[in-house]
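Fold and geometry: a report
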Amino acid sequence: MAIRTRAPGARAAARARSVGAGASASGSPAVKRARGARLRAAQQPTRLPPGIASVLSVLSSSAVVVDSNDRVLRASAAARAFGLVKGDRLMVSELAALARQVRRDGEIREGEFEVPVPRFGGRSTSFAVRVAPLGGAVGGGGLVLVLAEDQTESRRVDEVKRDFVANTSHELKTPVGALALLAETIEDAADDAEAVRRFAAKMRQEAQRLTNLVQDLITLSRIQAVEPVPDPRPVPLDMVVAEAVDRCRMKANARDIALTSVGSSGLSVLGDEDLLVTALRNLLENAVAYSPERTRVVITTRRASDGHAELSVADQGIGIPERDLERIFERFYRVDPARSRATGGTGLGLAIVKHVMAAHNGKVTVRSAEGAGSTFTLFVPLRSEQVGTGAA
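In this report, we go over the structure that sits alongside the text. (Residues numbered from 1 in each chain as written. Predicted model: local features only at pLDDT ≥ 70, side-chain atom pairs only at ≥ 80, totals over all residues. Heavy atoms only, no water.)

Geometrically, a packed helix pair is captured by the angle between its two axes and the distance between the axes. The contact between helix α8 (residues 237–254) and helix α9 (residues 273–289) brings their axes to 8 Å, and the two run at 35°. Crossing geometry of α8 relative to α9 is assigned as right-handed. Residues M239, V240, V241, E243, A244, V245, R247, C248, K251 and A252 of α8 form the contact with α9, whose participating residues are E273, L276, V277, L280, R281, L284, E285 and V288. Here the residues of the contact of α8 with α9 are counted per class, giving 12 nonpolar, no polar and six charged. (Axes fitted to C-alpha atoms, helices over the stretch in contact; angles between N-to-C directions. Helix = DSSP H or I, 4+ residues; strand = E, 2+ residues; numbered from the N terminus. Left-handed = near helix turned anticlockwise from the far one by under 90°. Contact = heavy atoms within 4.5 Å. Nonpolar A, V, L, I, M, F, W, Y, C, P; charged D, E, K, R; others polar.)

This paragraph deals with helix α5 (residues 93–105). The end-to-end C-alpha distance of α5 is 19 Å, a good match for the 18 Å that 13 residues give at a rise of 1.5 Å each. Restricting attention to buried positions, one finds in α5 the residues L95, A96, L98, A99 and V102. Around the axis of α5, the buried residues are gathered within 160° of arc, so they sit on the same side. Opposite its buried face, α5 presents the exposed residues S93 and R104, each directed more than 90 degrees away. Where α5 is buried, its residues contact β1 (62–66), β4 (89–90), β5 (109–116), β6 (124–133) and β7 (144–150). Positive phi shows up at G106, right after α5, with a value of about 75°. (Expected span 1.5 Å × (residues − 1). Buried < 20%, exposed > 50% of the residue type's maximum accessible area, 1.4 Å probe, protein only. Arc of directions from axis to C-beta.)

Viewed as axis vectors pointing N to C, α9 and helix α11 (residues 349–359) meet at an angle of 145°, and their least axial separation amounts to 9 Å. Remark: the crossing between α9 and α11 carries left-handed chirality. Here α9 contributes L275, L276, T278, A279, N282, L283 and N286 to the contact with α11, which in turn contributes G349, L350, I352, V353, V356 and M357. Grouping the constituent residues of the contact of α9 with α11 by class yields nine nonpolar, four polar and no charged.

Structurally, the position occupied by L350 is in helix α11. In this structure, the C-alpha to C-alpha distance between L350 and A279, residues 71 residues apart in sequence, is 8.0 Å. If we ignore the near neighbours within four places in the chain, the residues touching L350 are L283, N286, I328, F329 and F376.

Where charged atoms of side chains with opposite charge meet at close range, the side chains can pair. On inspection of all chains with the given rule, the structure shows 13 salt bridges. Notably, a salt bridge pairs R130 with E110, separated by 2.1 Å at the nearest N-O pair. Linking R130 in strand β6 with E110 in strand β5, this pair joins segments that are 20 residues apart in sequence. For R130, a relative accessible area of 38% gives the class partly exposed. Close ionic contact of D324 with R323 constitutes a salt bridge, the shortest N to O distance being 3.9 Å. Its relative accessible area of 6% is what places D324 among the buried residues. The class for R323 is exposed, based on a relative accessible area of 66%. (Salt bridge = Lys/Arg side-chain N within 4 Å of Asp/Glu carboxyl O.)

Right under this line is the structure:
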């Protein structure tokens, strides 16, 4: 058998011819066009199927779809408003890294992130995030769905609940502990009739404080459960003022404080009479408690120009510092805790007033200055037949 060999020089020449032919072929117009088409296809964003786009548009969460090149194909308005997406990029590096992990192994992942929101003064927003692949058959593969749920409000509500339980426990512990201590003291002073009477009077005082606190808690819970008022009825404001003044008359007389009612009469609103009396009574009791003796508290009723009735309670008391004005309607918040406990306050009165006004589609405002007294004003919508008519 004859074996044909090729000399080294001939082999080198053949390799050169082969390489030259390959280079010539790769540089041909057809190959260049194909390569350009592939490059343009890689650069063009993947098209999202219309069915998925429709589903994403109705989701309440911030929804984002990213392709295999980490480009955003679809982002909800909420995702852009919170700064999660800008242009076609995810702006949160942790989210982008999570999306890449999901794309690699196809596993659904969840997490929580704190994201600063520039448009809201830089405050942080807490998100619960779920990242999942959309499947290889969707959009050519490599698509990842990011769902971010704003948890800020729910966390705030949880904190409010925890604070409320802690504050309630503390407020209940004080009179209960005082009652236990006074009962023990009475046992030790059983032979001293004067001491027994003195400590029994203090026990009644602490029992009354405990009763007031429980009643305020019940009232606050009832108001929050029925906002707005489920069965509003016509309520004459003259009757509300008269009833609230009557309930506060004894406390005011004990401190020689005059309760004076002035302004329009005949005004009527729709609502719950007991709740409105409770709100006004709480304002009057605060005014009496924080006013010097031999002063005056004025209740003014007038018709506002915007279809509301105004009930104002003005005192000549110690006033409220400006730094506390925004917080006085919080539960258990006290400007002066020692004075509030000395007057038997529960710390829930103004919170009840705020919720009563919310239940009546109204509001409560306050104007105050230290040493110059305070004016609290209730705004309650007038009955429709009284809107636009002249004041009585």
